[in-house]
Structure formats: structure tokens, C-alpha cells
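Residues per chain are reported as follows:
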Protein chains: 2
Amino acid sequence: MEKHERNIYLDNKDLSEAIDILKSISLGEIRKEKADVCDALNRVSAEPIFACVSSPFYNSSAMDGICVCFEKTMDANEKRPLRLKKNIDFEYVNTGDVIRQPFNGVIMIEDIVEIDEETIEIYEPCSPWQHIRNIGEDIVASELIIPAFHKIRAVDIGALLAGGVRELEVIKRPVVAVVPTGSEIIDYTEDVDTGKIIDSNSRMFEAMIKEAGGECERYAPVRDDYELIKKTVKEACAKSDIVVIGAGSSAGSKDYTKKVIEELGELLLHGVSIKPGKPTVIGKIDNKCVFGIPGYPVSSYFAFNLFVISAMDMMLHAEKKTKRKVKAVLTSRVYSSLKHLEFVRIKLGRVSGKLVASPLSRGAGVTMSLVNADGVLRVPKNSEGYETGELVEVELLKDIQYIDNTLVSIGSHDVMLDILNNRLHKQKRPANLSSSHVGSMGGVLALKSGKCHIAPIHLLDEKTGEYNLSAIEKYLNNFDCVLIKGVKRTQGIMYRKDFKHKIESKEILRNEDVVFVNRQKGSGTRILVDYLLKNEDIDPKGINGYRRELNTHMMVASAVKSGSADIGIGVLSAAKAMDLEFLPIGYEEYDFIARKDVTESEMFKCFLDCLKSDEFESELKKLGGYSLENTGQIVEI
Amino acid sequence: MEKHERNIYLDNKDLSEAIDILKSISLGEIRKEKADVCDALNRVSAEPIFACVSSPFYNSSAMDGICVCFEKTMDANEKRPLRLKKNIDFEYVNTGDVIRQPFNGVIMIEDIVEIDEETIEIYEPCSPWQHIRNIGEDIVASELIIPAFHKIRAVDIGALLAGGVRELEVIKRPVVAVVPTGSEIIDYTEDVDTGKIIDSNSRMFEAMIKEAGGECERYAPVRDDYELIKKTVKEACAKSDIVVIGAGSSAGSKDYTKKVIEELGELLLHGVSIKPGKPTVIGKIDNKCVFGIPGYPVSSYFAFNLFVISAMDMMLHAEKKTKRKVKAVLTSRVYSSLKHLEFVRIKLGRVSGKLVASPLSRGAGVTMSLVNADGVLRVPKNSEGYETGELVEVELLKDIQYIDNTLVSIGSHDVMLDILNNRLHKQKRPANLSSSHVGSMGGVLALKSGKCHIAPIHLLDEKTGEYNLSAIEKYLNNFDCVLIKGVKRTQGIMYRKDFKHKIESKEILRNEDVVFVNRQKGSGTRILVDYLLKNEDIDPKGINGYRRELNTHMMVASAVKSGSADIGIGVLSAAKAMDLEFLPIGYEEYDFIARKDVTESEMFKCFLDCLKSDEFESELKKLGGYSLENTGQIVEI
């Protein structure tokens, strides 16, 4: 791309200004259609709906018993029971039966005594209209059942039908066209290759549109061809109420969205001061609302929610559901980006009775940070950000009870955490495991600062060659915790099967032709790498790629597999998952430190049961590279 | 019906015992099927789902700019910029472009200066792997994306597709057969008549099943014929996972559910100590779960939710969403039924900053109490109930923000309240009106005890002939409130067009052949009736029907229309709605008392604007019988 071809952002508008622009487009016009009541679940009423008939439609018995004329029962009492004759003084009735004149009271079956087939006795008078459901007692014809702009629930359907309503005017579902763009974008049914990206955004949009009560018209991905994009957008405008152009909304040389809108209609906004989601475009073509939504998955999620779903809500006129918010204590500082209102994804946990909020990756490309998020923290523009320990308000994305039952694990990464998570999920006990991977040292610090319940670690004491216990002594002195024995796992050098060298010893690290990929500082494996280099007397400066740091075993394996590195150090299970060769260099102990106060909780007990279960052991055996001795044993410190 | 044919309740089990019985039926077996990821919204994963490919699939540029070898940029600084040659030292890249070897760093377009077409300058070194999204940075192949038993959201669909997952194993949707029974039950498409009841329950169930993630097989209503019901249930068991028999679960002579289950399978429970919902039946036929659900709409709603939806949840294995709860102050005493766990429908309101809970009708037949409920209060079995002023926990059925923006009106009934409610809904301002009809005096007392914001009243001072002001003086002395002028409305005698008498004066009340229907004590209209009788010197004892009390104008009109009474007193709009004749007997003033502290609120201002609007006036004119003078005027007291 050439520099002079780039777009310039038109604006850097505040979110509230952007919403005002959205409101200025006439989205509030009421477009309605008839719907059968039975098909109206979750539709929005366009008019107030009044009952056509009364319910009950007639005076009816509210009980099983007999119907009588109350005036004739006045003299009944305990001492002098009153005898009544069937079909003359009374009739038997079931609940719901019609009460015809002259009857005007019902006596419950429990309160009468049968003398013979034709005669009964009562012991107290019947009150006027006792146990009779009057016509219209529930709903009177012409009474309001639901107001206009009400989202119809199951109970409303029941009431509408009971009130004799068969069909009603509802707001039309907005039709939203989604046009993914980009020459690199392929449909999910195609095989992905280098330079290609699977179109996941447009399918996520489709689901979001459906949930919000609209209809989605999804187009196949359109390549970066200005005329083709223009033609598709024009066509989409003709067929839909809202058009969403996926990607191409930024300021790159192939970002055509702005230009297409300018040519076909009116550009209203380019750039909102939010993060993620800045490169958003809003325009109007033939009085239809057209959006350019950024391509990064997380940006696209926020921009779509804030603008497209809001536009749909305006068209649907429905009462807006408010998101539930909770107060939580921040476990680390959140810097403000000053220029933007920022949406920070948050992991929540109930640690020692206190709800704590830990910020997740702020990268716009990290879909999994959205999948794993429990909530969102808004950091206002121009704010100072938030300090560690500050009480902040978090908008919930998950159920609070689910969060309360979640064991929060922060620390070193291992595939076995996924296996434990699954085992917990499959138990029908209230326990979930959430794990973040920040390396062993990160885990120790997270535990210390109250971010998590447990920290998986494998920290080698370079002096003693021992694992974990000395790290606890050193870093968690006076912190009330226990060590839970985990597994022994094999670390080694990973390399491709077709690699030019057959690797037989650690000496390969001295070969400057071989491209290495490293782990991040503070991770147990990085400590192992540096221990190894020191022991073997290898100078890190001579290692090609020593400065490239990746965060997990799997990312290292993945980099080796793809050829962007030749060797890396990690666990056998990661090498096997990527079908790599593996030279073992030693065993290490991968254990858990747990806060003492969590060990009494039900969720911790579930976790321990899973850790000690035969199923867990056999799943790890299948993966290879693990040995289980004393697994689940609690070591008091 | 004959007494000896009646059933006897087998049990009166506690809810928890009933749930245990439900759990004993093997509903937890995992039944799965494949689903395309794009169709998987709201489905429940049957297995943990791992990524098939990494995302990004290759090392790619995270920015628009140039890619370089970082090693070659080390010497660049502000004083001595470094010149780089295109296609030799660097290449231009857009966000998402592949970074191929040997390049290992990206510099943002903003940080370079173009010298000519072939040359650029940089002013600082590039860090290793700067602005490069590593392969797998978001998702690494083989990484867990979602665990088993997870309800799939839009973001999950995005992440699954990005991870190369095209289809997945999901839990099969439970198929629930719904068999409405009762000879009086007709389909909603048929015209209702005396003795007939529109089948609304089975349609409400259908919607509830759909929302819970199941499929509904609905049968046409089956008449009260033992063999026919048995045959239908047998057929339904063969085709579905769960069978629900609507009505017939009680102990009446035509309540066949228990017997059918006993004959075809095993009866597990008959009768649960809950209210509403006691006559619930649980059984097992061919290892399928069969429920008998009571026929009263509100009972059916609670029983269906507690048992059928719970059974579906067990089959679906999904995490259960917890209902949000709030603490609120009770505005009137809730008696305990002692023998039952009772579910009391609650109207909530934020009065003077305090959330207050007012119990709604406890009748099992009052569908509208469910439609209008904001929440549910559980009154435990054997409890003492709750006192006025007690802080209770209410499970929310509506959004709390919606409740906070709701103006609570309790008092006299008039159709204009529905019109106001609609007008408020149609405004795009945050204000709703909820109105309960307990008569004028009930309204005054509700206002005084902090149950509501406003009370619509029409209270005649028998001595002065004046309306409302003297009532405020008498009952709301020292209470900080204002009077809002409402409307003048015409009261009169309503009668059928084909009635044998032409009614020309109040003298008709003396005619003992004419059946009257009265209003409840404490209602403004009842006061008017009694004032009239006194003035005309008519003895209430001589009036046929004086003791039959109905709660609203519409119910009186409805009783007259149906012939269960001949005359009643009410407003012209009610008579017109039922197409009745009307003899005016006078005007009255229908006003609102409002708490002083609510008059400053946004929702009250919206209410006042609606009251004073031309649209409101013209809608009332259309109804007839109203005159608007000073409407919306605030009278300070």
C-alpha cells in the first residue's frame, strides 16, 4: 500500500454524540404487521391490545361442590342443619361449570354432607355469590391487556388468548444486511490458509441480530474491489432496513466503506472515541442506516452492539433491558487511554467473600477475552483510570451465581486445566474453573494480591533443583496458603518432523542457524530455559530468536509448526497436539498453590475430587508426558 | 358430578421432595446431535469444543505500516534517522497482511517519513516482533474454546468459527407434548360461548417450552373421555420426551390424569404443598416423564415453571440462570396459608426512594395478576407470613429500571388510565404507569401507607356535595400531597338495549323485579349509590342484588350485558364499551392525589404532559361522557 492513498478520520466523536447522530436518522417510524398471537413470542406490540371477550365468559363455579340460591340458606347452622334437594334446591357443579340463574352461590363439596342420592345437608349459610367466578373476573372485554411497545412474553400470550385476541399488530422485524468485505476473508466452510481469515464476524452478527429481534440478510464476503463493494451495498440498501459493512471502516488504503457511503449517500460520522471500536462509520443511503464496523473481532462486537443493535432497538421501540451491574474491587491498575472511552473486559471472582475484578487482554483481536469475560468495565474518556483496590462498577456478561461458583485460577498454563474445567462442568455440582495464563510468577503475585483462589505453578529453585516450595517461602511468606500436589510433566525441545536437523541434545541451542522462540519472562518454562542455558554455558545473545516471547506452550508449538521458528521449549502434550518431534530435557513439578480460606469451599472440594479422579488420570495418560503421584495431596505450609 | 366419584390427593409433598422425585427419573442421560456452528445459538454444547486451527492462522501485521527486520533498525534515532529501501529493507503492509520471513517487526505508518517512492526514514528502532500478531495469538489450535454444557452465545459462535470449528455436538432439544383436556376447552380460533373456555394455557406452555430450548408437540384439546385421554397420552409418550396433561390433575370427578398415569405407568406424586399449583401430578410412563398440570392459568404457570421447565433443564444440562432478587418493603400484611409454600405476585414501586412491594390478587384464576406482576414473593410453608413494613425478598419478573421509572397508581378505576398508560408508552421518555383498582378509599389508604405515587379518586362529600378536597382534609391531614385535577365524568344507570323496561328515572331502583349489581364498599361509585338511595329514600334491603359486589365499572357493565344482572351504576364509557343503554344521573369529579415528593420526578412530568395533551383529550372525547376543564392543574393543599 502507498501512504498517499490512506483515508483520514473525519471525526473522533464521543459515544453520546454518535448516538445522537444515530437518533437523527428517522429510525423511530412505526412499521407494523399483523401476527397471530401464538406466533407473537418476543415480538413487540405496535398498538395497545384490549380484550375482545371477557374471561371467564360466564359466571362459573370456582370450586367443586353444589350451587344454591344464597337467600335460601340463611337459616342453616351447626345445630339446625338445612336439607336441600337435588335439582330443586341445588345442583352438583365442578370447577368451571356454568352457574345459571337463579343460583347465586357455591358451597364446597367438603362442606356438605350427603344424606342420600337426592338430599344433602349444610351447616352454615352461603354468602352472596360465594365461590362464583364472575364474568370478567380475570379480564373484562375492552380492558387493556398489554400496552403498545411491549415485548410479548409467554404469560402475555396466555392472557391475550383468554381475552379473545387472535391476532395483533406487531412492529416489523428490522431487516439487517451484513456485507463482509476483504479479499482475505473466506467462508467458514472453506479451508483456511496463510493470508486467509475465516469470516466469523458476520456469523456472530447474524446471531446478535436474531437475538435482538431482527432478520439478517447475510452476503458472501466481498473482495476489496471498490465497484463491487459499492454495487453490493446499493443492492443491500434496496432490500433491507439497515446495512452493515464488515471491515474496511478504518483509514487503510483498502478501507472503502467511507468512500462508498459518500458516493451513494451521506457520510454522518467516521471515527468514534471508543476503544475497541474506534473505526466505526455511520452513514445514510436512501434514508437507510448504513454502518461500517471494524474488522477486529472484539472491536466489531462492541461497535455492533453499541450502534447496530441500538438502531434496531429504536426501530423496534421495545423497552430496553438494562444490564445488571455489580461493584467489584480491581486487582490491578487500569490505565486510561485518555482519548477514548474504553471497554475493558473483566474476569470476576468471589475471593474471601469479596468480588474482585481482573482486567483481561485489552487487544482488539483477542476474541477469547470476550468469550472468557464475566463483565465489562467502562473507563471514561479523559479519566485518570482506576487504581488497584478501587471499587468499580462492572456490567455483567455472565450470571452472578455462576461467578460465585467459579474457582479462579491464575498462573502457569497447562492443557490439563482445560481437562479439569471440563470435568467440573460435567459434574452436576456447582463449580466452574476459570483459568488465566500469565506464567508461574504472575500466578504467585495474583494469588498474593487476592486476584485468584489458586495459582498453578512450576517454579524451579536454581540452587536446590527443587520445585515450588522454596518459591512459596520466598514470595508468599506469611500468606495463608497450602500447596496442592499436581502432576509431574515432561519438558523438552519441540521441532518439526521435517526439520533439517535431527535433534539429539541441548547442543542444538548453540547453532545460530536454528531459529528459537522463547517464553515470556516470569513463566516457569522461561526460568527453566535460562537455568538450562546457564548450566550449559550458552550465551543467550547467540540464540537467534531468544527475544521473541510467546505466552503459552501451545503458542510456542504453533510457531514451530508454522515454521516461523525452528525450535522451542515446552511440554510434551503441546508438541503432540501440534504433531511435533520432542526431545525430553527433564521432568518438572506442576502444582497448585491455594488460598487457605478457599479449601473449605464446595467448589474447591469439587476441584480436588476432579483432580483425584480416575477419569482425569486416564485423560492425562492419553495426552502423554504426565505422571501422577500424590496428585491432589494437600501440603500444609 | 357425584361425590363418591371424586379422587383423593395422594400426597401433599413439599416442593423440595417433589423436585427430588423429578430428579429420580433419569432425565440426566446425555442425548446429543450434530449442529452447524452457525445454527447453534442458544444450543447447549454436549462436549468440550477445542480449536481446529489457530487464529490468526499466520503471523500478521497488527497495524497499517511497514514490515522490517528489527535487527537492522537498532541504530535509528532522532538525531540520525535511518533510511530504508522498499522491497529490500521493508515492505508496505496493511493490518492483517502476512508477515513473511525474514521480517520480524512492524512500524506504524504514522512513525515513518516517506522520502521518495522507494525510500522512507525512521527515527527509532523497531522492537523484536513489534506490532505483529503471532500465529495463535487469539486462539491456538487444540485450545479449549467452550466447555461441555455451555449455552452458546453469539460471541461463542464467532470464536468457534475463528478456531476452525464448523459443527459441534449439542444436546438434543427435549420434545414436550402438551395435551390440553376438558370438554369445555375450545381452540382460540373458535368462537367462545357460555360454558366454553378458550385454550390459552397450552399456547402459553408452547411459548415457555420454546424459550427454554425445547420443542413443543401440541395436541388439540381432548374432551373429558377417559379412554380418549388415555389413548392420546399413550401416543404422546411414544413421540416425545416429556408429556404434559393440561387440567384434570385435581380431585374432581372428571379429573382423569392420575388414573391414566396409574394405568399406563407409575404415579409418583399427586399434590404438592404449593399455592398456586397444588393439584400437580408427576408420573412415569415408558420411562418418560408425565405431568398433570392444573387448569387455572396462574396455577398452571407456576406448576409448569417449577416442574416441566425444571425437567427440561435437567435434560439440557445447561447452567441455570438465576432470577434477580431485590429487597422491598411490604405495604400490606401477607398472611401465610401455613399448609403451602405460596407464590405471591407482587407489584413493585420506587416510592420516596424506597422499593415497596404490594401483593396482587392471590386468586389462581387471575391471569392479569401475572401479566401485571413485577415480581414474586415466596411465603414459606408453616411461616407466620409477613407483616406490613417488613423487608422481603422479591424475585424480579421485570427489569428493575423499568420498575424505577413506573408511576404507581392505586385507587379508583377508569378507562382513561389505560389511555394514559398507552400515551406514556408511546412517548420515548422513561415513564410507565401501573394502575391497580381498589376503589377511591382504597387509593387514599394506599397513598397514605406509601404504596403508590398517585391515587385516582372520586369521593363525594355527602354533606357539601363537593368532590375530593374534603376527603383529603379528612383522611390525609398532615400528609404532604397535592391534588391534580382530572376529568368530569358522567355516571348513570346502565341496562341492556332489549331490557323489558325503558328506564327513565332513578325510580327503577324501587322495582323489586329488577336485578341490580352493586360496587364494592369504599369505591367512589358505591358511595354515590348509597348517597343516591339515601336522597331518594330507597331501602337497600328492597333492592334485589344489592349485596353482589363487583370491583370495576367494566365488570358491572359486563354483568348487565350478560344478563346476570339487569341494571348497575357506572360511567358512560363502560356502558358504551359494552353497547348498553345509559341513563345519566350526574357528573362527578375524577381527580388524582399525588405525593408531593413525586411531583418533581421526570416520570410524573411525563404523566402530567400526557394528561394535558391534545391527543389525550381527543381520545376521551371519542369515548364520550368526559369533560375536561383544568385537567392537569395542580391544586396545592
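Residues numbered from 1 in each chain as written. Chains lettered and ligands numbered in written order. Predicted model: local features only at pLDDT ≥ 70, side-chain atom pairs only at ≥ 80, totals over all residues.

### A short note on the overall build of chain A
Secondary structure assignment for chain A yields 16 helices and 36 strands. Relative to the 2.2 N^0.38 estimate, which gives 26 Å for 637 residues, the radius of gyration of chain A is 34 Å and therefore markedly larger than a compact globule would have. Within chain A, the proportion of its 637 residues that are buried is 55%. In chain A, of all internal contacts separated by at least 6 residues, the share reaching a separation of at least 24 is 77%. (Helix = DSSP H or I, 4+ residues; strand = E, 2+ residues; numbered from the N terminus. Rg over C-alpha atoms; globule rule 2.2 N^0.38 Å. Buried ≥ 20, exposed ≤ 12 C-beta atoms within 10 Å, placed from the backbone. Contact = placed C-beta atoms within 7 Å.)

### A few points about the relation of the copies chain B and chain A
Least-squares fitting of chain B to chain A yields an RMSD of 0.1 Å, with the superposition described by an axial translation of 0.0 Å and a rotation of 180 degrees. Accordingly, the operation relating the two chain copies is best matched by a two-fold axis. Of every C-alpha in chain B, the one belonging to B:Arg324 sits nearest the axis of rotation, 4.6 Å from it. (Least-squares fit on C-alpha atoms with pLDDT ≥ 70 in both.)

### Some points on the sheet that holds strand β13 (residues 175–180) of chain B
Residue and element names in this part refer to chain B. Taking strand neighbours across the sheet as the criterion, the six strands line up as β16-β13-β17-β21-β20-β18 in an open arrangement whose pairing is mixed. In this open sheet, the two strands that pair with only one neighbour each are β16 (215–218) and β18 (266–270). Adjacent strand axes in the sheet meet at a mean angle of 20 degrees when their direction is disregarded. As paired strands, β13 and β16 are joined by four bridges and run parallel to one another. Bridge pairing in β16 places Val-175 opposite Glu-215. Strand contacts of helix α5 (residues 257–264): β17 (242–246), β18, β20 (281–285) and β21 (288–293), with the helix running at about 25 degrees to β20, the strand carrying the most contacts. (Pairing = 2+ DSSP bridges. Axes fitted to C-alpha atoms, helices over the stretch in contact; angles between N-to-C directions.)

### What to know about the pairing of strand β4 (residues 65–68) of chain B
Residues and elements named next belong to chain B. Two strands pair when backbone bridges link them, and β4 and strand β6 (residues 91–93) are joined in this way by three bridges, in the antiparallel orientation. For Cys-67, the partnering residue across the bridge sits in β6 and is Glu-91. In this structure, β4 lies alongside strand β7 (residues 105–108), joined through four bridges in antiparallel fashion. Among the inter-strand pairings, Ile-66 is bridged to a residue of β7, identified as Ile-107.

### Description of the interface of chain B and chain A
At the interface, 100 residues of chain B touch 101 residues of chain A. Here the element with the most residues in the side of chain B that touches chain A is helix α2 (residues 154–162) of chain B; it accounts for eight residues. Considered class by class, the residues forming the side of chain B that touches chain A number 47 nonpolar, 28 polar and 25 charged. (Nonpolar A, V, L, I, M, F, W, Y, C, P; charged D, E, K, R; others polar.)

### Remarks on the domain arrangement of chain A
Looking at chain A, the domain boundaries give domain 1 (3–28 + 173–316), domain 2 (32–56 + 137–171), domain 3 (60–133), domain 4 (325–404) and domain 5 (432–636). Here domain 2 of chain A and domain 3 of chain A have C-alpha centroids that lie 37 Å from each other. (Domains from an automatic or database assignment.)

### Section: the nonpolar core
Ranked by internal contacts, the top residues of the largest apolar core, which has 367 residues, are A:Ile157, A:Val244 and B:Val244. For this core, the element with the most residues is helix α6 (residues 297–316) of chain A, which contributes 13 residues. A:Phe70, A:Ala76, A:Ile112 and A:Ile120 belong to the second largest nonpolar core, which has 21 residues in total. (Core = buried A, V, L, I, M, F, W, Y, C linked by C-beta atoms within 7 Å.)

### A closer look at the sheet that holds β4(B)
All names here are of chain B. Pairing is antiparallel across the open sheet formed by three strands, whose spatial order is β6-β4-β7. A strand with exactly one partner marks an edge of an open sheet, and here the two such strands are β6 and β7. Averaged over all adjacent pairs, the angle separating strand axes in this sheet is 40 degrees, with direction ignored.

### Some points on helix α10 (residues 439–448) of chain B
All names here are of chain B. For α10, the buried fraction is high: eight of the 10 residues fall into the buried class. If you check which residues of α10 are buried, you get Gly-439, Ser-440, Met-441, Gly-442, Gly-443, Val-444, Ala-446 and Leu-447. Against β27 (406–411), β29 (454–457), α11 (469–475), β30 (481–495), α12 (524–536) and β34 (581–595) lie the buried residues of α10. Two residues or fewer past α10, Gly-450 is found with a positive phi of approximately 80 degrees.

### Quick notes on the confidence of the model for chain A
Residue and element names in this part refer to chain A. Here chain A shows a mean pLDDT of 91. Residues at 70 or above account for 98%. When pLDDT is averaged over each helix and strand of chain A, the minimum, 85, is found for strand β28 (residues 432–437) and the maximum, 98, for strand β16 (residues 215–218). Among the scores for the predicted complex, ipTM is 0.91 and pTM is 0.90. (pLDDT = per-residue confidence, 0-100.)

### Remarks on the packing of helix α1 (residues 15–24) of chain B against helix α6 (residues 297–316) of chain B
All names here are of chain B. With their axes 11 Å apart at the nearest point, α1 and α6 run at an angle of 30 degrees to one another. When the interaxial angle is binned, α1 and α6 end up roughly parallel. Where α1 crosses over α6, the two elements pack in a sense that is right-handed. In contact with Leu-15, Ile-19 and Leu-22 of α1, α6 contributes Leu-306, Phe-307, Ser-310 and Ala-311. For the contact of α1 with α6, the residue count by class is six nonpolar, one polar and no charged. (Parallel < 35°, antiparallel > 145°, perpendicular 65-115°, else oblique. Left-handed = near helix turned anticlockwise from the far one by under 90°.)

### Some points on unusual backbone geometry
Residue and element names in this part refer to chain A. In this structure, Pro-56 follows Ser-55 across a cis peptide bond, with omega equal to -5 degrees. Turning to its location among the elements, Pro-56 is positioned in the loop between β2 (49–50) and β3 (60–61). Cis rather than trans, the peptide bond between Gln-101 and Pro-102 has omega equal to 5 degrees. Of note, Pro-102 is situated in the loop between β6 (91–93) and β7 (105–108). The phi torsion at Trp-129 lies on the positive side, around 60 degrees, for a residue other than glycine.

### Side note on the pairing of strand β8 (residues 112–116) of chain A
All names here are of chain A. Judged from the four bridges that link them, β8 and strand β9 (residues 119–122) form a sheet pairing that is antiparallel. Each bridged residue has a counterpart across the sheet, and for Glu-114 the counterpart in β9 is Ile-120. The antiparallel pairing of β8 with β9 creates a hairpin that spans two residues between the two strands.

### With respect to helix α3 (residues 201–211) of chain A
Counting along an α-helix, one turn takes 3.6 residues, and residues three or four places apart therefore face a common direction. Counting buried residues along α3(A), nine of its 11 residues qualify, which places the element largely inside the surrounding structure. When we look at burial in α3(A), the residues that qualify are A:Asn201, A:Ser202, A:Arg203, A:Met204, A:Phe205, A:Glu206, A:Ala207, A:Met208 and A:Ile209. Buried-residue contacts for α3(A) involve β13 (175–180), β16, β17 (242–246) and α6 of chain A together with α2 of chain B. Downstream of α3(A) by one or two residues, A:Gly213 has phi in the positive range, about 95 degrees.

### A look at the packing of helix α4 (residues 226–239) of chain A against helix α5 (residues 257–264) of chain A
Residue and element names in this part refer to chain A. Where α4 contacts α5, the axes come no closer than 10 Å and their chain directions differ by 55 degrees. Overall, the two elements α4 and α5 adopt an arrangement that is oblique. With respect to the hand of their crossing, α4 and α5 are arranged in right-handed fashion. Of the residues in α5, those touching α4 at Ile-229, Lys-230, Val-233 and Lys-234 are Val-260, Glu-263 and Leu-264. Residue composition of the contact of α4 with α5, by class: four nonpolar, no polar and three charged.

### Brief notes about the environment of B:Asn59
In this fold, B:Asn59 is placed in the loop between β2 (49–50) and β3 (60–61). A tally of 26 C-beta atoms within 10 Å means that B:Asn59 is categorised as buried. A sequence separation of 36 residues divides B:Asn59 from B:Thr95, and the C-alpha atoms of the two residues are 11 Å apart. Ignoring any residue separated from it by four or fewer positions in sequence, one finds B:Asn59 in contact with A:Ser564, B:Ile99, B:Ile132, B:Arg133, B:Asn134 and B:Ile135.

### A few points about the environment of A:Leu41
Tracing the backbone shows A:Leu41 in the loop between β1 (32–36) and β2. A count of 20 C-beta atoms within 10 Å places A:Leu41 in the buried class. Apart from residues no more than four positions distant in its own chain, A:Leu41 is found in contact with A:Ile152, A:Ala154, A:Ile157, B:Ala207 and B:Lys210.

### Section: the environment of A:Asn405
Residue and element names in this part refer to chain A. For Asn-405, the position within the fold is in the loop between α8 (400–404) and β27 (406–411). For Asn-405 and Ser-601, which are 196 residues apart along the polypeptide, the C-alpha to C-alpha distance reads 9.4 Å. In contact with Asn-405, not counting residues within four places along its chain, are Pro-430, Ala-431, Asn-432 and Met-603.

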